[in-house]
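The lines below spell out each chain.
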Amino acid sequence: MDLFTYRNGELYCENLPVRQMVDSGIGTPTYIYSATTFREHYSRMASAFAELDPIICYSIKCCQNIHIIRLLVDQGAGMDVVSGGELYRALKAGADPSKIVYAGAGKTDKEINEAIDAKIGWFNIESEAELGNLIHIASQRQTTVRAALRVNPDVDPKTHRHTTTGKKETKFGVDIERARRTFEEYGRNKSVRLCGIHLHIGSPVNAVQPYVEAIEKALDLILALRRDGFEIDTLDIGGGYGADYSAGEALSGKAYAQMIVPLLRGQGLKIILEPGRSIAANAGILVTRTLFIKRSGDRQFVIVDGAMSDLIRPALYDAYHFVWPVAPGPQYALTERLRDLNMPETVRVDVVGPVCETGDFLAKDRDLPPIKRGDLLAVFSAGAYGFTMASHYNSRPNAAEVLVEGSTFRTIRRRETYDDLIAAEEQV
Ligand code: LLP
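Keep in mind that what you see is a predicted model, and the values were worked out from it rather than measured. (Residues numbered from 1 in each chain as written. Predicted model: local features only at pLDDT ≥ 70, side-chain atom pairs only at ≥ 80, totals over all residues. Heavy atoms only, no water.)

**Description of the pattern of salt bridges**
Working step 1: One pass over the full model with this rule turns up 22 salt bridges.
Working step 2: Note that Arg289 and Asp23 form a salt bridge whose closest N and O atoms lie 3.1 Å from each other. Highlighted residues: Arg289 in strand β14 (residues 284–296) and Asp23 in helix α1 (residues 18–26), separated in sequence by 266 residues.
Working step 3: When its relative accessible area of 25% is taken as the criterion, Arg289 is described as partly exposed.
Working step 4: Members of the salt-bridge network, linked through shared partners, are Arg299, Asp350 and Asp365. (Salt bridge = Lys/Arg side-chain N within 4 Å of Asp/Glu carboxyl O. Helix = DSSP H or I, 4+ residues; strand = E, 2+ residues; numbered from the N terminus. Buried < 20%, exposed > 50% of the residue type's maximum accessible area, 1.4 Å probe, protein only.)

Take a look at the structure:
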């Protein structure tokens with residue numbers, strides 16, 4: 001579900017025409033988010049899993065704007081963080097520290113101390129070495145923290161090789177066999193109460209079976225650990241739930257829950273979920289303006305002012321993002337976000353940015369209505385891992401971010417200036 005729809009040949013976000021918003025001074029490239037979609041996606045996930053009364057820790061890395069975090073905190077979300085910076089954002093946004101989980105294979109001592117100061121809920125531990133270090137810091141500080149051991153269940157989520165995390169050969173978590181040894185060695189420590197198991201198998205995972213397999217393995221492990229006298233009270237099943245990039249390929253929260261909830265019912269475990277993409281991806285678009293049309297051999301390029309420095313997913317993962325004009329006129333308006341089979345003449349184009357890299361493209365080989373200089377294009381499903389992965393490559397100031405709610409909108413991140421680009425260099 002999302003609230004980006006075409007009405008009378010124009011794209012709307014909730015009740016606002018995108019073109020009008022952009023022309024009112026926001027400019028391009030700009031990320032536009034729908035507040036109602038964010039809330040709806042969060043609450044669909046929460047209600048699908050409600051029977052388990054889980055903590056839903058929004059994965060900040062996917063869309064980190066503090067206004068978005070606040071919006072989700074207001075819905076009752078906890079937060080999944082992976083750095084001191086993300087923890088800082090979560091706390092600034094008013095997140096309940098006891099509902100914060102902190103994962104990441106390389107936490108620095110500074111970050112660990114900050115998380116202890118904040119009294120976060122759980123450290124998600126990725127290796128024995130990290131656990132040893134956390135024990136060292138916590139015992140020196142004469143404090144007790146809670147931790148969950150991230151277990152690598154060795155299942156194949158069949159996603160992109162860069163976003164697969166639950167296979168044995170990735171850098172995340174410890175193997176199941178090793179997990180038991182880790183508990184034997186560290187599981188009775190007083191400074192770090194190792195009381196949970198954490199899973200995250202990859203992203204996006206458009207199937208339920210890999211979760212089922214991973215959770216079954218984790219439950220077997222928990223049973224064995226409990227038999228050995230360890231008190232395990234938490235299972236964090238991670239994120240990775242899908243989003244719609246092309247044609248409704250994402251499973252609903254309900255579909256995941258239908259298979260997952262029965263496994264976890266009555267297990268005496270606090271359940272944590274860490275969704276990111278399933279909440280944010282379809283809640284945001286990137287709007288970019290056409291600078292030039294260029295013909296080269298038999299290819300036609302639509303050169304736009306948005307680039308891989310704004311949205312790197314196509315360049316990095318060959319990711320597909322649906323692209324369509326913001327105001328294509330009634331004959332090209334889409335009823336669904338899917339291609340309409342009865343379109344009049346379309347032209348096959350590559351949509352590319354101004355960055356000096358051949359890999360700088362947003363869409364390749366797409367049949368679009370005829371585009372001319374000045375036309376706005378919407379890059380859909382860009383709410384997750386869009387702005388957060390932006391860079392300043394080619395000294396391009398980062399895009400603005402705008403949040404729409406009903407018939408109003410507000411800028412939640414101003415467009416960066418040239419001064420922003422050199423500020424940290426000048427202030428030395
Ligand atoms: N939990 C952990 C431990 C994670 O590593 C991740 C994502 C999540 C939760 C959230 O996963 P989600 O629900 O958003 O799928 N940049 C890539 C995705 C990288 C995912 C990293 N970890 C992309 O653009 O597709």
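Right, picking up where we left off after that structure.
**Here's the deal with the pairing of strand β5 (residues 55–59)**
Working step 1: Buried residues dominate β5, accounting for 5 of its 5 residues.
Working step 2: The side-chain alternation of β5 yields two buried faces, one formed by Ile55, Cys57 and Ser59 and the other by Ile56 and Tyr58.
Working step 3: Examined bridge by bridge, β5 and strand β13 (residues 270–273) share 2 bridges and lie parallel to one another. When the bridges of β13 are listed, Ile55 appears paired with Ile272.
Working step 4: Across 3 bridges, β5 lies against strand β6 (residues 78–81) in parallel orientation. (Pairing = 2+ DSSP bridges.)

**Some remarks on the domain arrangement of the protein**
Working step 1: Looking at the protein, the domain boundaries give domain 1 (4–33 + 281–426) and domain 2 (35–277).
Working step 2: The gap between the C-alpha centroids of domain 1 and domain 2 is 32 Å.
Working step 3: At the junction of the two partners, domain 1 supplies 27 residues and domain 2 supplies 24 residues.
Working step 4: Between domain 1 and domain 2, the buried area comes to about 2,200 Å², and carbon and sulfur atoms account for 54% of it.
Working step 5: Looking at the side of domain 1 facing domain 2, the largest losses of area belong to Tyr317, Tyr385 and Thr388, adding up to 24% of the total buried there.
Working step 6: Our count for the domain 1 to domain 2 interface comes out at 1 salt bridge. (Domains from an automatic or database assignment. Contact = heavy atoms within 4.5 Å. Buried area = accessible area lost by both parts, 1.4 Å probe.)

**Some details on the environment of Ala77**
Working step 1: Along the chain, Ala77 falls in the loop between α3 (66–74) and β6.
Working step 2: Under the relative-accessibility criterion, Ala77 is labelled buried at 2%.
Working step 3: When near neighbours in sequence (up to four residues on either side) are disregarded, Ala77 contacts Tyr42, Ile56 and Leu72.

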